[in-house]
Amino acid sequence: MKAPIAASEPIQPTAKSSQDAGSWASVPALFRTGPFPLPEPWEGLFGALRMPGPDGLTVIGQLGQSLDGRIATPTGHSHYINGPAGIDHLHRIRALVDVVVVGAGTAVADDPQLTVRRVEGPQPARAVLDPNGRLPTAARLFASDGARRLVLGTAKAPAPGVEAVALPTADGQIAPASVLAALAERGFKRILIEGGADTVSRFIAAKCLDRLHVVVAPMILGSGRTGISLPPIETCDEALRVPVHVHGLGDEVLYDCDLSAQRIPAGFANRSI
């Protein structure tokens, strides 16, 4: 089934003034507690993330890329394609979700903290898909700082206090629906699939994302790793077309893609966290 033809909005600068940045402080609590709209510009950017999917979960994918769709140079260098406004946007999403998920490849290559540091807000839980036990005990996302830490795909905890969740694999990969079901079972309702590109692409292909935020930086790399990679199609008629809302983030552009029409139910959260 084809998705609706994409709809767009005029690009409006957002989150640029000190007044806008200051208004963020109350947003994480408002986001979680009531039906009232968030103060602008945050309602336009994040209001849709309050809307649960068919299983009560809200699953968001995030990518940062160049104008020509690259996420890294041929050597793998990617710090930093996105500028301060794009990175702030990512940290704001982290502050609004219950758990941030990355694949083992990204965790090994970048050793991310996956914490909220650039803006105000609570710290999410951190989860890594690591069925082959690639991450070292000293990985920064395993740091004991009060946030829940999970490793998915293995029964062996890599560090003290880390929750190990054994899941079935196929060709060395964990099915996205299995990931969501496991997280839902543990009480996580808002889930950010932060990377890498292969992991985000697999969630898109499996119809396991409600929204996709793509932040495009004003640079052309010309070569290197591409962002989204899906199974090949023969004609453009088969392309995935989705409603899109477009926002300015400083000199970058955010494409907020609505994938909710294709999302399949994966698991039901059993409690609120």
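Since the structure is predicted, the reported quantities are computational estimates derived from the model, not experimental observations.

*Asks:* So what exactly am I meant to see when it comes to the overall build of the chain here?
*Replies:* Along the chain, the regular secondary structure elements total seven helices and 12 strands. Across the chain, the fraction of contacts at a sequence separation of at least 24, relative to all contacts at a separation of at least 6, is 71%. Within the structure as shown, the chain displays about 12900 Å² of accessible surface, and the carbon and sulfur contribution to it stands at 55%.

*Asks:* Honestly, the packing of aromatic side chains in this entry has me stumped. Any pointers?
*Replies:* The geometry of two aromatic rings is summed up by the distance between their centres and the angle between their planes. The full count for this structure, using the stated rule, is three aromatic pairs. Arranged with centres 6.3 Å apart and planes meeting at 15 degrees, the rings of W42 and F46 form a pair that is stacked. With W42 and F46 both in helix 3 (residues 42-46), this residue pair falls four residues apart, about one helical turn. The pair formed by W42 and F46 is uniform in burial state, with each residue classed as buried.

*Asks:* What should I look at first to understand the side chain of R126 in this one?
*Replies:* For R126, the position within the fold is in strand 5 (residues 125-129). Judged by its relative accessible area of 1%, R126 falls in the buried class. Polar side-chain contacts of R126 include one of 2.8 Å to the backbone oxygen of A143. Of the polar contacts made by the side chain of R126, one reaches the side chain of D145; its length is 3.0 Å.

*Asks:* Where do I start with helix 7 (residues 197-205) in this structure?
*Replies:* Because each turn of an α-helix spans 3.6 residues, side chains separated by three or four positions in sequence point in the same direction. Looking only at helix 7, the buried set comprises A197, T199, V200, S201, F203 and I204. One or two steps after helix 7, the chain reaches K207, where phi turns positive at roughly 60 degrees.

*Asks:* Which parts of the structure should I look at to understand the confidence of the model for the chain?
*Replies:* Close inspection of predicted coordinates is inappropriate in any region flagged by low pLDDT. For the chain, per-residue confidence averages 89 on the pLDDT scale, and 89% of positions sit at 70 or higher. Across residues 1-19 the pLDDT falls below 50, and counting only partners more than four positions away or on other chains, this stretch makes 40 contacts in the model.

*Asks:* Is there a simple way to explain the side chain of D258 in this structure?
*Replies:* When you line up the elements, D258 lands in strand 12 (residues 252-258). Of note is the side chain of D258, whose polar atom sits 2.6 Å from the side chain of S260.

Rules and cut-offs
- Residues numbered from 1 in each chain as written.
- Predicted model: local features only at pLDDT ≥ 70, side-chain atom pairs only at ≥ 80, totals over all residues.
- Heavy atoms only, no water.
- Helix = DSSP H or I, 4+ residues; strand = E, 2+ residues; numbered from the N terminus.
- Contact = heavy atoms within 4.5 Å.
- Areas by Shrake-Rupley, 256 points an atom, 1.4 Å probe, with all protein chains shown as cover.
- Phe/Tyr/Trp six-rings, centres within 6.5 Å; stacked < 30°, edge-to-face > 60°.
- Buried < 20%, exposed > 50% of the residue type's maximum accessible area, 1.4 Å probe, protein only.
- Polar contact = N/O pair within 3.5 Å; in protein donor to acceptor, adjacent residues only side chain to side chain.
- pLDDT = per-residue confidence, 0-100.

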